[in-house]
Amino acid sequence: MQTPLPARTGSPLDPARSWALQHLDRPISLPELADRAKVSVRTLTRRFTAETGVTPFQWLLQQRLLRARELLETTTLTVDQVADRSGLGSGESLRQHLNRHLGMTPAAYRSAFAHRSATTVQRA
């Protein structure tokens, strides 16, 4: 997985990326993202790929996986809850994506990387 760009880079697409990061838990369509960037879908796709090296959907998937990993590391949420809050839909979808990108299950990831402290609590 490539390291995705931060939300703010000085690009005209920054507002759309920033908005997407705040709404990862819901479906985000290409037309909606283009509207947020105030460009056409074709222009968004071309500029986004030129800036990031990946398509908007690949970037969204990367961001959702990063969010899922953060939740697995820092909360006691169930796999289904993590999948829902990261926008990956279902626990099965989260399992498939983590396995494809990291070669491990959510449980194995949590076991290997969860912070073992008193501050690890379930977030509401």
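Residues numbered from 1 in each chain as written. Predicted model: local features only at pLDDT ≥ 70, side-chain atom pairs only at ≥ 80, totals over all residues. Heavy atoms only, no water.

## Structural notes on the nonpolar core
Our working definition: For this analysis, a nonpolar core means a set of buried residues of the types Ala, Val, Leu, Ile, Met, Phe, Trp, Tyr and Cys, connected via side-chain atoms within 4.5 Å. Exposure categories follow from relative accessible area, calculated using a 1.4 Å probe and restricted to protein chains: below 20% of the type maximum is buried, above 50% is exposed, and the middle band is partly exposed. Numbering of helices and strands runs from the N terminus; a helix is a DSSP stretch of H or I covering at least four residues, while a strand is a stretch of E covering at least two. In this description, contact between two residues means that some pair of their heavy atoms is separated by no more than 4.5 Å.
Formed by 16 residues in total, the largest nonpolar core has its most connected members in Ala-20, Ile-28, Leu-33, Ala-37, Leu-44, Trp-59 and Leu-60. When residues of this core are traced back to their parent elements, those giving at least two are α1 (14–22), α2 (30–37), α3 (41–52) and α4 (56–74). Sort the elements by how many residues they give to this core and α2 lands first, with 4 residues. Excluding residues that lie within four positions of it along the chain, Leu-44 makes contacts with Leu-13, Leu-30, Leu-33, Ala-34, Ala-37, Val-39 and Pro-56. By size, the runner-up hydrophobic cluster in this structure holds 12 residues, among which are Leu-72, Leu-77, Leu-88 and Tyr-109.

## With respect to the pattern of salt bridges
The condition is simple: Throughout this description, the term salt bridge denotes a Lys or Arg side-chain nitrogen within 4 Å of a carboxyl oxygen of Asp or Glu.
Across all of its chains, the model carries 3 salt bridges by this definition. In this structure, Asp-14 engages Arg-17 in a salt bridge whose closest nitrogen and oxygen atoms are separated by 3.0 Å. Of this pair, Asp-14 and Arg-17 both sit in helix α1, 3 residues apart, which is roughly one turn of that helix. By the burial criterion, Asp-14 is buried, and Arg-17 matches it. One salt bridge connects Arg-17 with Glu-51, and the closest N-O pair in it is separated by 3.1 Å. Of this pair, Arg-17 sits in helix α1 while Glu-51 sits in helix α3, and the two are 34 residues apart along the sequence. When its relative accessible area of 30% is taken as the criterion, Glu-51 is described as partly exposed.

## Description of the packing of α2 against α3
Where we set the bar: Axis angles are defined between N-to-C directions and span 0 to 180 degrees, where every axis is a line fitted to C-alpha atoms and, for a helix, only to the segment in contact. Each angle receives one of four descriptions, namely roughly parallel if under 35 degrees, roughly antiparallel if over 145, roughly perpendicular if within 65 to 115, and oblique otherwise. Each residue gets one label: Ala, Val, Leu, Ile, Met, Phe, Trp, Tyr, Cys and Pro are nonpolar, Asp, Glu, Lys and Arg are charged, and the others, such as Gly, are polar.
Put simply, α2 and α3 touch, their axes get as near as 9 Å, and they point 80° apart. When the axis of α2 is compared with that of α3, the two are roughly perpendicular. Along the contact surface, α2 presents Leu-30, Pro-31, Leu-33, Ala-34 and Ala-37, while α3 presents Val-41, Leu-44 and Thr-45. Taken together, the residues of the contact of α2 with α3 sort by class into 7 nonpolar, 1 polar and no charged.

## Here we look at the packing of aromatic side chains
Spelled out, the test is: Any pair of Phe, Tyr and Trp rings, taking the six-membered ring for Trp, is counted once the centres come within 6.5 Å. Such a pair is stacked with planes under 30 degrees apart, edge-to-face with planes over 60 apart, and tilted for the rest.
In this structure the tally under the stated criterion is 2 aromatic pairs. Plain terms: the ring middles of Phe-48 and Trp-59 are 5.4 Å apart, the flat faces sit at 70° to each other, and that makes the pair edge-to-face. Here the residue Phe-48 occupies a position in helix α3, and Trp-59 occupies one in helix α4, the gap between them amounting to 11 residues. On the basis of relative accessible area, Trp-59 is assigned to the buried category, the value being 0%.

## Examining the confidence of the model for the protein chain
What counts, and what does not: The pLDDT value expresses, per residue, how confident the predictor is, ranging between 0 and 100.
Averaged over every residue, the pLDDT of the protein chain is 88; residues scoring 70 or more account for 85%. When pLDDT is averaged over each element of the protein chain, helix α5 (residues 79–86) comes out on top at 97 and α1 at the bottom at 93. Counting interchain partners and residues more than four positions distant, the pLDDT-below-50 stretch residues 117–121 has 7 contacts.

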